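Topology and contacts: notes
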Amino acid sequence: MLPSGAVEEEEEEAQGPRKHTKKKKKKDRATAAKKKKQKKKEEEEEEEEEEDHHQQQQQQEQEEHEEEEEEESVDPDLVLLRGIFKLKKKSHDVLLTRTRLTWTPIVPETPTGQSTVVRSGALLLKDVFAVRVKRRRAAGQQTGGAVLGLALFCGRRRGRRLEEETLHLNNASVEHTHTWFNTVKELLAASKRPRSLKVLINPCSHKKEAVHIYRAHVAPLFKMADIHTDITITEKKGHALSVLKECKLDEFDGLVCVGGDGSVAEVCHALVLRAQLDAGSPETPERATLPLGIIPAGSTDVVSCSVHGVRDPVTAALHIILGHLQQVDMCSFSSLGRLVRFGFSAMFGFGGRSLALAEKKRWMSSSRRREYALVKTLAKLRPEECELSFLPAKKTDGNLSEQRDQDPDPDPDPDPEPGETEGEESWTTNQGLYLSISIMSIPCLSPHVPRGLAPNTRLANGSAALIAVGNTSRSEFIRHLKRFSSSSGQFSFSFVEAHAVSAVRLRPRALTGWPEEENEEEGESKSTPIIQSERAFPWNIDGELVEIANEVLVRVHPGLITLYGEDVDEAEEPIVSCSCI
């Protein structure tokens, strides 16, 4: 039997670890409670911040709504100012409202009382982009000078073109002139127009004239309209994409691309990718946050012609300055579940092969290179065996060939019914030999094809035009091509199918790639296939050569991007016709 002292020592030794464990548990509980309390406090702070942000947003929206209601409640025909100015040395009674400027000649009464014909004039303020005070200055004088009146700079329409014009209002009164100047300036500042633009210039496009075109024709107009610009001259292919990935887009009201169709396609692709990145949705295309202005400086400028109706840098610049916005549909091109790119149009077969040949003759001029590739591809014309599937567009007549003699400007509903999915629609599948397959979400207007390659589609009708040309003789195919330069009839051939679609799947049945004789004669292609394989098919996507070896899925995304311009149904025809074919 152990002594009592030894027993007590053993009990103390046994209780020691227990006490330590209890202290540790108590400490852990206290720490956990503290963390829980801190986490709860952080959550409460976050909820308070979100609630404050939500309240601020609601207050801001309410203020904007009140401002809009106040603007709507103001009578647009209410006369703000009235005064006498001289126009072309004749005195006029000039009235200024919130929407327009009107003037009427002041005609003195004749002694005989005979009435004279009075010709009044008007200018809408939505067409005015700048106002300046006119002064008389001596040679070499930079500032000051006697006040002569006002000069209003506006864009006037001449057919498809927008031209700069100046209205001179002469009045030597300093106070009178400055009152009018400040009022007109305030009215222009209240309009929703771009004040800050990010400009991307491709110096290598077409004849390397992009920088000159911007400096000579566009920059002076932007300066006159008080538009701040941040200019980046791209150095290589893909530079614009990398710039837009890192650029702080919230500092700008819009983007401007000076270049050809390749530059435009790269910038549009980058804008949609950036929108996806900002929204955190890599699988779902997101609408681009900023509008894009296109200054044509390429060889064909199909996208520019489709939103301006003409290849003219001044017209394009004035559309940007005046804030003319047009939503435009885009397509996504993917293969094996991998996104290849976003774009407006794609050509497989004849269009892809001719571009592949043209790319191998970059040392030629653009016109010679284009004609060489066209003739060479026609000489070796051959069909591709394909499985072509398409999903007809909703709420529109699926067959465009039946619409060719109807109104070229239909007004289909661009928005699909909510809850509808592609799974509820039936795909149409055809197999056979095709010389050419084209998918276009825009009309693809150009000076040589005034009504466009897809004349029955619009910029924002929520669908694309699928044009499939089956196997036929070379002479019949050339007849089909020639019809594009005329008013109509390109879809009236039995071997041509045209449909309005929302999705297309193209699967080459025989993966033969390019003909071996072409590879031997022209040498290896300098382009690397997007989807790696032993052989690849050339695609013409927005004028850029893309090689894809497997099936391609094309989907139409309504209103994915906003461009500066307007919806036009026909481009301005050139003075000299094309010598092709």
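Look up a bit, the structure's there.
What you see is a predicted model, and the numbers here were worked out from it, not measured in a lab. (Residues numbered from 1 in each chain as written. Predicted model: local features only at pLDDT ≥ 70, side-chain atom pairs only at ≥ 80, totals over all residues. Heavy atoms only, no water.)

1. Points about the overall build of the protein chain
- The secondary structure content of the protein chain amounts to eleven helices and 21 strands.
- Within the protein chain, counting contacts between residues at least 6 apart in sequence, those at least 24 apart form 72% of the total.
- When the accessible surface of the protein chain is totalled, it reaches about 31800 Å², and 48% of it is carbon and sulfur. (Helix = DSSP H or I, 4+ residues; strand = E, 2+ residues; numbered from the N terminus. Contact = heavy atoms within 4.5 Å. Areas by Shrake-Rupley, 256 points an atom, 1.4 Å probe, with all protein chains shown as cover.)

2. Quick word on the nonpolar core
- Counting 35 residues, the largest nonpolar core has Val267, Leu292 and Ile561 as its most contacted members.
- With six residues, helix H5 (residues 261–279) is the largest single contributor of residues to this core.
- In contact with leucine 292, not counting residues within four places along its chain, are Leu255, Val256, Cys257, Val267, Cys268, Leu271, Thr562, Leu563 and Tyr564.
- Judged by nonpolar contacts, the second largest core, of 29 residues, contains Ala151, Met224, Ala225 and Ala316. (Core = buried A, V, L, I, M, F, W, Y, C linked by side-chain atoms within 4.5 Å. Buried < 20%, exposed > 50% of the residue type's maximum accessible area, 1.4 Å probe, protein only.)

3. A word on the packing of helix H4 (residues 239–246) against H5
- H5 packs onto H4 with a crossing angle of 30° between their chain directions and a minimal axis gap of 9 Å. Between H4 and H5, the interaxial angle falls into the category roughly parallel. By crossing handedness, the relation of H4 to H5 is classed as right-handed. Within the contact between the two elements, H4 uses His239, Ala240, Leu241, Leu244, Lys245 and Glu246 and H5 uses Glu266, Val267, His269, Ala270, Leu271, Leu273 and Arg274. (Axes fitted to C-alpha atoms, helices over the stretch in contact; angles between N-to-C directions. Parallel < 35°, antiparallel > 145°, perpendicular 65-115°, else oblique. Left-handed = near helix turned anticlockwise from the far one by under 90°.)

4. Describing the pattern of salt bridges
- Inspection of the entire model under this criterion finds 18 salt bridges.
- Where aspartate 301 meets arginine 311, a salt bridge forms, and the shortest distance between an N and an O atom there is 3.0 Å. Of this pair, aspartate 301 sits in the loop between strand S11 (292–296) and helix H6 (302–308) while arginine 311 sits in the loop between H6 and helix H7 (313–321), and the two are ten residues apart along the sequence.
- On the basis of relative accessible area, aspartate 301 is assigned to the buried category, the value being 2%. (Salt bridge = Lys/Arg side-chain N within 4 Å of Asp/Glu carboxyl O.)

5. Here's the deal with the side chain of histidine 92
- Along the chain, the position of histidine 92 falls in strand S2 (residues 90–96).
- Given a relative accessible area of 8%, histidine 92 falls into the buried group.
- A distance of 2.8 Å separates the side chain of histidine 92 from the backbone oxygen of lysine 90, its partner in a polar contact.
- Those residues in contact with histidine 92 that sit more than four places away from it in its chain are Gly83, Ile84, Phe85, Leu87, Trp103, Thr104, Pro105 and Ile106. (Polar contact = N/O pair within 3.5 Å; in protein donor to acceptor, adjacent residues only side chain to side chain.)

6. Here's the deal with the pairing of strand S21 (residues 552–564)
- Most of S21 is tucked away: eleven of the 13 residues are buried.
- When strand S12 (residues 325–335) meets S21, the two strands line up antiparallel, connected through nine bridges. What sits directly across from leucine 325, in S21, is tyrosine 564. (Pairing = 2+ DSSP bridges.)

7. Brief notes about helix H9 (residues 366–379)
- With 14 residues, H9 ought to run about 20 Å at 1.5 Å a step, and its terminal C-alpha atoms sit 20 Å apart, in line with that.
- Residues Ser366, Arg369, Ala373, Leu374, Lys376, Thr377 and Leu378 constitute the buried set of H9. (Expected span 1.5 Å × (residues − 1).)

8. Looking at the packing of aromatic side chains
- Taken as a whole and judged by the stated rule, the model has seven aromatic pairs.
- The interplanar angle of 45° and the centroid separation of 5.1 Å between the aromatic rings of phenylalanine 348 and tryptophan 539 together place this pair among those described as tilted. Placement of the pair is phenylalanine 348 in strand S14 (residues 345–349) and tryptophan 539 in strand S19 (residues 537–541), with a sequence separation of 191 residues. An identical accessibility class is assigned to phenylalanine 348 and tryptophan 539; each is buried.
- Taken together, the aromatic side chains of Phe348, Phe537 and Trp539 make up a single cluster linked through ring pairs. (Phe/Tyr/Trp six-rings, centres within 6.5 Å; stacked < 30°, edge-to-face > 60°.)

9. Considering a negative patch on the surface
- The grouping of Glu42, Glu43, Glu44, Glu45, Glu47 and Glu48 at the surface amounts to a negative patch.
- Among the secondary structure elements, glutamate 44 is positioned in helix H1 (residues 4–73).
- What makes glutamate 44 partly exposed here is its relative accessible area of 40%. (Patch = residues over 30% accessible without salt bridge, like charges linked within 9 Å, V, L, I, M, F, W, Y side chains within 5 Å. Lys, Arg positive; Asp, Glu negative; His and termini not counted. Charge placed at Lys NZ, Arg CZ, Asp CG, Glu CD.)

10. Re the environment of serine 446
- Mapping serine 446 onto the fold places it in the loop between strand S16 (428–440) and strand S17 (464–470).
- Linking serine 446 and glycine 309, residues 137 residues apart in sequence, is a C-alpha distance of 8.0 Å.

11. Structural notes on the side chain of threonine 177
- One can find threonine 177 in helix H2 (residues 174–189).
- With residues up to four places along the chain from it excluded, the contact list for threonine 177 reads Val133, Val147, Gly149, Leu150 and Asn171.

12. As for the packing of helix H8 (residues 350–359) against H9
- Between H8 and H9, the least distance of the axes is 8 Å, while the angle of their chain directions is 130°. Judged by the angle between their axes, H8 and H9 are oblique. The two elements H8 and H9 cross, and the hand of that crossing is right-handed. Where H8 approaches H9, its residues Phe350, Arg353, Ser354, Leu357 and Ala358 are matched on the opposing element by Arg369, Ala373, Leu374, Lys376, Thr377 and Leu378.

13. Observations concerning unusual backbone geometry
- Backbone geometry at lysine 89 places phi at a positive 70°, although glycine is not the residue there.
- Along the chain, lysine 89 falls in the loop between strand S1 (81–87) and S2.
- Of the residues examined, lysine 89 reaches a relative accessible area of 79% and is grouped as exposed.
- Phi is positive for aspartate 542, close to 55°, though the residue is something other than glycine.
- With respect to the element layout, aspartate 542 can be found in the loop between S19 and strand S20 (544–548).
- Judged by its relative accessible area of 7%, aspartate 542 is buried.

14. A word on H7
- Extensive coverage of H7 is indicated by the burial of eight of its nine residues.
- Among the residues of H7, those classed as buried are Pro313, Thr315, Ala316, Ala317, Leu318, His319, Ile320 and Ile321.
- Looking at the residues trailing H7, positive phi occurs at glycine 323, about 70°.

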